[in-house]
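A look at the structure
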Amino acid sequence: MTDAQSKPNPGPRRILSGVQPSGKLHLGNYFGAIKQHIALQEEGQCFYFIADYHALTTTQDAKALSERTRDVALDYLALGLDPKKAAYFRQSDVPEVTELAWILGTVTPMGLLERAVSYKEKVEKGIEASVGLFTYPVLMAADILIYRSHLVPVGKDQVQHLEMTRDIAEKFNRVYGNVFPIPKERLDKESKVPGVDGQKMSKSYGNTIEIFAEGKPLQKTLMAIVTDSTKVEDPKDPDKCNVFALYSLFATPEEKEALAARYRAGGMGYGDAKKLLLEKINGYFGPAREKRKELAAHPDDVEDVLRDGAKRARAEAQATMALVREAVGMKASSVG
Ligand code: ADP
Ligand code: TRP
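Residues numbered from 1 in each chain as written. Chains lettered and ligands numbered in written order. Predicted model: local features only at pLDDT ≥ 70, side-chain atom pairs only at ≥ 80, totals over all residues. Heavy atoms only, no water.

Locating Gln20 in the fold gives a position in the loop between strand S1 (14–19) and helix H1 (27–40). When near neighbours in sequence (up to four residues on either side) are disregarded, Gln20 contacts Ala51, His54, Ala55, Thr57, Thr58, Val72, Lys122, Tyr136 and Lys203. Side chain to side chain, Gln20 and Tyr136 meet in a polar contact 2.7 Å long. (Helix = DSSP H or I, 4+ residues; strand = E, 2+ residues; numbered from the N terminus. Contact = heavy atoms within 4.5 Å. Polar contact = N/O pair within 3.5 Å; in protein donor to acceptor, adjacent residues only side chain to side chain.)

The structure is reproduced here in structure tokens:
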């Protein structure tokens, strides 16, 4: 196993990831992140959380934040997160992470944050350039390091944040001694799912296909997938088509090849391909939709899962903070 250098971390491989509750989860989130989060439950000690502190950089509406947080929790549980295997929790239920973020901030060079691509992109999109948005990567480093994680399954857009986390951890270890393992990202092969307009699918581009959309709204979204104006009878190039790219996420290699052959032969309209995509989505997410409805009817059970996850995560975070405080010359926290 080369995933970690990790002298300081005892025990099994730690896997950690977070998703911001900043809108309805979509196919990009699923194939880029959630699917592997769930598969990895079998492979290590997992910590997964809802990044609500991070979401405050963009969602500044109490009702929206709490609703989205609940939605993400329901989505994960419906999609197969097993709270017996993974600790699943709200980031803000482990407030120690903000303490670590402060301490890490004191060893983080300004230049490192100034090079952050995602900060620049968000500001270009009109998000306010707050201090929180600027120091977002430091809080993310704290998320990862406080659980002394080895492996962080994320989509491609998060790789720079992982590089920054490694730089920060190495700097801390150099200054104060070896406290943190050096974590690595794990990319899924579907690291860039296209949206209905062909750009990267993203909540902030308004081009998503929601995982839990169904019926008419789902149909409407699929009908809006942008295609070129090749006539029905003419041959089409599957590799240039968003519908085909999305279909490929669900299809077996044989099904994919069969549809590609129909594209190349001509005589099939994009509407037909969209229908096949709709069937795939319905088949794939049908059981999770039913499960989500059941879970939504029992909000107390969901709350119990999050509370229990937070308890496990917090114990780990407190153990790390004891090491960090000692390393920097502070006493262990005597409160709480
Ligand atoms: P969004 O861009 O919709 O705001 P987030 O930034 O909250 O999504 O991403 C949550 C997780 O889903 C991250 O690990 C991210 O890399 C992954 N992800 C988001 N969009 C995509 C996509 N289009 N393709 C692959 N992975 C994605
Ligand atoms: N920045 C991540 C995103 O937008 C969410 C996140 C916050 C995260 N903290 C994390 C992901 C720690 C992995 C590990 O997708």
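Once you've had a look at it, read on.
Turning our eyes to something else, we now look at helix H13 (residues 270–296). At Phe285, H13 shows its largest kink, close to 50°, and the proline Pro287 lies no more than four residues downstream. Three or more residues of H13 are buried, namely Tyr270, Ala273, Lys274, Leu277, Leu278, Ile281, Phe285, Gly286, Ala288, Arg289, Arg292 and Leu295. Against H1, helix H3 (62–78), helix H10 (215–223), helix H11 (242–250), helix H12 (253–265) and helix H14 (299–328) lie the buried residues of H13. (Bend = angle between axes of the 7 residues up to and from the residue. Buried < 20%, exposed > 50% of the residue type's maximum accessible area, 1.4 Å probe, protein only.)

Around ligand 1 sit 17 residues in total, of which His26, Asp157, Val193, Ser202 and Lys203 are the nearest. Contact distances for ligand 1 include 3.1 Å between an oxygen atom and a side-chain N or O atom of Asn29. Asp157 has a polar side-chain atom sitting 2.4 Å from an oxygen atom of ligand 1. Relative to its free-state accessible area of 540 Å², ligand 1 is covered by the protein chains to the extent of 92%. Per-element accounting of the shell around ligand 1 gives the leading share, 4 residues, to H1. Of the residues belonging to the shell around ligand 1, the class tally is 4 nonpolar, 8 polar and 5 charged. (Near = heavy atom within 4 Å. Areas by Shrake-Rupley, 256 points an atom, 1.4 Å probe, with all protein chains shown as cover. Nonpolar A, V, L, I, M, F, W, Y, C, P; charged D, E, K, R; others polar.)

Scanning the entire structure with this criterion turns up 24 salt bridges. Across the salt bridge formed by Asp93 and Arg90, the nearest N and O atoms sit 3.0 Å from each other. Classification of Arg90 as buried rests on a relative accessible area of 17%. Residue Lys293 is joined to Glu214 by a salt bridge in which the shortest nitrogen-to-oxygen separation is 3.2 Å. Highlighted residues: Lys293 in helix H13 and Glu214 in the loop between strand S5 (184–187) and H10, separated in sequence by 79 residues. Judged by its relative accessible area of 32%, Glu214 is partly exposed. Here the residues in one salt-bridge network are Lys24, Arg70, Asp71, Asp75 and Arg292, joined through shared partners. (Salt bridge = Lys/Arg side-chain N within 4 Å of Asp/Glu carboxyl O.)

This part takes up the pairing of strand S3 (residues 86–90). Burial runs high along S3: 5 of the 5 residues are buried. Alternating residues of S3 divide into Ala86, Tyr88 and Arg90 and Ala87 and Phe89, and every residue in both groups is buried. As paired strands, strand S2 (residues 45–50) and S3 are joined by 5 bridges and run parallel to one another. Bridge pairing links Phe49 to Phe89 in S3. (Pairing = 2+ DSSP bridges.)

For the rest of this paragraph, the subject is the domain arrangement of the protein chain. For the protein chain, the domain assignment lists domain 1 (3–192 + 299–328) and domain 2 (203–293). Here domain 1 and domain 2 have C-alpha centroids that lie 32 Å from each other. Facing 20 residues of domain 1, the contacting portion of domain 2 comprises 17 residues. Buried surface at the junction of domain 1 and domain 2, both sides included, amounts to about 1700 Å², of which 65% is carbon and sulfur. Linking domain 1 with domain 2 are 2 salt bridges, by the criterion used here. The salt bridge involving Asp75 is made with Arg292; its shortest N-O contact spans 2.5 Å. Between the two partners, domain 1 and domain 2, sit 8 residue pairs in polar contact (both at pLDDT 80 or more). Those elements that place two or more of their residues in the side of domain 1 that touches domain 2 are H1 and H3. The dominant element in the side of domain 1 that touches domain 2, judged by the number of residues it contributes, is H1, at 6 residues. Across the side of domain 1 that touches domain 2, the residue classes tally to 9 nonpolar, 5 polar and 6 charged. (Domains from an automatic or database assignment. Buried area = accessible area lost by both parts, 1.4 Å probe.)

Our focus in this paragraph is the confidence of the model for the protein chain. In the predicted model, the protein chain carries a mean pLDDT of 93, and the fraction of residues at 70 or more is 94%. Under a pLDDT of 50 for its full length, residues 1–7 has, in the predicted model, 13 contacts with residues more than four places off or in other chains. (pLDDT = per-residue confidence, 0-100.)

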